[in-house]
Amino acid sequence: MTTPSYRTALMAAGLTAALAAPAMSQTTLIYGEPGPNRGARAEATQWFADQVAEQSGGDLTLDITWGGALFSEKAAVQSLRDGVADLGSVIGVYFPQDMVAYGIADLPLDNADPWVGMKATDALMRNNEQIKANLAAQNLVYVGTYTTSAVQMGCKGPAVTSVDQLAGKKVRGVGAYGQTFRDLGATLVDMSVYEAYQGMENGLLDCTQTYSYLVAALKFDEVFDSYTFIDWGQVGALGIVMNKSMFDSLSPEQQQVIMTAGEGLADEFGRIIEQANAESIKILEDAGKEIVSFSDEDRARLTEAGQPYLDEWVARADAAGLDGQALLDEYRGLIAQYTQELETQGYPWERG
């Protein structure tokens, strides 16, 4: 655990660099990351930091603090708002009110493609004036987005092969996905994905909602006996958020560097996660784990069961002063737009 004096020193270093240096001179920003320095997301985060340094000619750099040393995943929004770090990773599902707009990317919609989801989410968060104003009122600025990729399930014991087999299982699930598992008979267990390994080892969990690339990153192959491809939507409210006061203190050129690097995350992480997902599944296959897939009928049942949570999100967005239905319609339109682009042009990293 990082000591208060170390956190203070880090904050002071970032603030001093920003205030003492002239525009586009050496500025170091403190980045807080609750996850470990390994796996697909860590690779993409480092890519983002490298892009910031490269595009600024070395005048703007990031000092990444890994493993929750500055703040946990459940304290990220308040910490960034208060300047514990200048920018960092936020998992939106832990902040249903503060990140209500970003939460649109966590809804169980009929899209399992990570790149499509990230591009749609990034375009909405970056360009929608309602959302920008909502974040600004919290002293926050959206920078870029990751995704978990499609929701899958890993279990200690036999695989869950259908919706009916969820009944009675102790399942770690988050957001609308976890609530839907509960509605279908599972016992929902509240813990973070970083705690799931231990939860399965000590019997608190039978299964966990997960995403293929995390198998390698969090060594889930050591505790999973089986793996179920649900291919049900994504948890896409996972991205980079910046303290607005610090963002506003940067020069326009530095701000552009941050935002351009953030916009590039969708393409870069899409490339990384496609490979990482395949590598993780191979780890499970090589270890002889049971691997199954839900049927189209079971996925349809999940989508139907998740509909009340779309309605609930619209109501929460409205209560926060947003036009929830308009945002949902815009988001669905963006998913359709990028789905069509994928079908006609392929992924950006495959276009030559």
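Remember, it's a predicted structure, so these values are computed and weren't measured experimentally. (Residues numbered from 1 in each chain as written. Predicted model: local features only at pLDDT ≥ 70, side-chain atom pairs only at ≥ 80, totals over all residues. Heavy atoms only, no water.)

Looking at this structure, how should I read the pattern of salt bridges?
Where side chains of opposite charge bring their charged atoms close, a pairing between them can arise. By the definition in use, this model includes 14 salt bridges. One salt bridge connects E33 with R41, and the closest N-O pair in it is separated by 3.1 Å. Note on E33: relative accessible area 3%, which makes it buried. In this structure, E129 and K132 form a salt bridge, with 3.0 Å as the shortest nitrogen-oxygen distance. Here the residue E129 and the residue K132 both occupy positions in helix α5 (residues 129-136), the gap between them amounting to 3 residues, near one helical turn. Of the residues examined, K132 reaches a relative accessible area of 36% and is grouped as partly exposed. Among the ionic contacts, a cluster of salt bridges with common partners joins D164, D298 and R301. (Salt bridge = Lys/Arg side-chain N within 4 Å of Asp/Glu carboxyl O. Buried < 20%, exposed > 50% of the residue type's maximum accessible area, 1.4 Å probe, protein only. Helix = DSSP H or I, 4+ residues; strand = E, 2+ residues; numbered from the N terminus.)

Help me understand the environment of R351, please; the structure alone is not making it clear to me.
Of note, R351 is situated in the segment after α13 (324-345). Excluding residues within four positions of it along the chain, R351 makes contact with W115, E341, Q345 and G346. Side-chain polar atoms of R351 contact the side chain of E341, separated by 2.9 Å. For R351, the side chain forms a polar contact with the main-chain oxygen of G346, separated by 2.8 Å. (Contact = heavy atoms within 4.5 Å. Polar contact = N/O pair within 3.5 Å; in protein donor to acceptor, adjacent residues only side chain to side chain.)

Please clarify how the state of the cysteines should be interpreted in this entry.
Simply put, disulfide is the name for a covalent bond between the sulfur atoms of two cysteines. For the structure on display, the rule yields 1 disulfide. Between the sulfur atoms of C155 and its disulfide mate C207 the distance is 2.2 Å. Disulfide C155-C207: torsion about the S-S bond near 105 degrees, hence right-handed. Of this pair, C155 sits in strand β5 (residues 150-155) while C207 is found in strand β8 (residues 207-210), placing the two residues 52 residues apart along the sequence. By relative accessible area, C155 is classed as buried at 0%. (Disulfide = S-S within 2.5 Å.)

Before we go on, may I ask you to explain the packing of helix α2 (residues 40-55) against helix α11 (residues 265-286) in this structure?
Running from N to C, α2 and α11 point in directions that differ by 150 degrees, and their axes come no closer than 9 Å. On the basis of the axis angle, α2 is roughly antiparallel to α11. By crossing handedness, the relation of α2 to α11 is classed as right-handed. Across from A40, R41, E43, A44, W47 and F48 in α2, the residues of α11 making contact are L265, E268, F269, R271, I272 and A276. When grouped by side-chain class, the residues that make up the contact of α2 with α11 number 8 nonpolar, no polar and 4 charged. (Axes fitted to C-alpha atoms, helices over the stretch in contact; angles between N-to-C directions. Parallel < 35°, antiparallel > 145°, perpendicular 65-115°, else oblique. Left-handed = near helix turned anticlockwise from the far one by under 90°. Nonpolar A, V, L, I, M, F, W, Y, C, P; charged D, E, K, R; others polar.)

Sorry if this is basic, but what is going on with unusual backbone geometry here?
One can expect most non-glycine residues to show negative phi and most peptide bonds to be in trans. Phi at N139 is positive, roughly 65 degrees, even though this residue is not glycine. As for its placement among the helices and strands, N139 is situated in the loop between α5 and β4 (140-145). Residues other than glycine seldom take positive phi values, yet K219 does so here, at roughly 60 degrees. By secondary structure assignment, the location of K219 is in the loop between α8 (214-217) and β9 (226-234).

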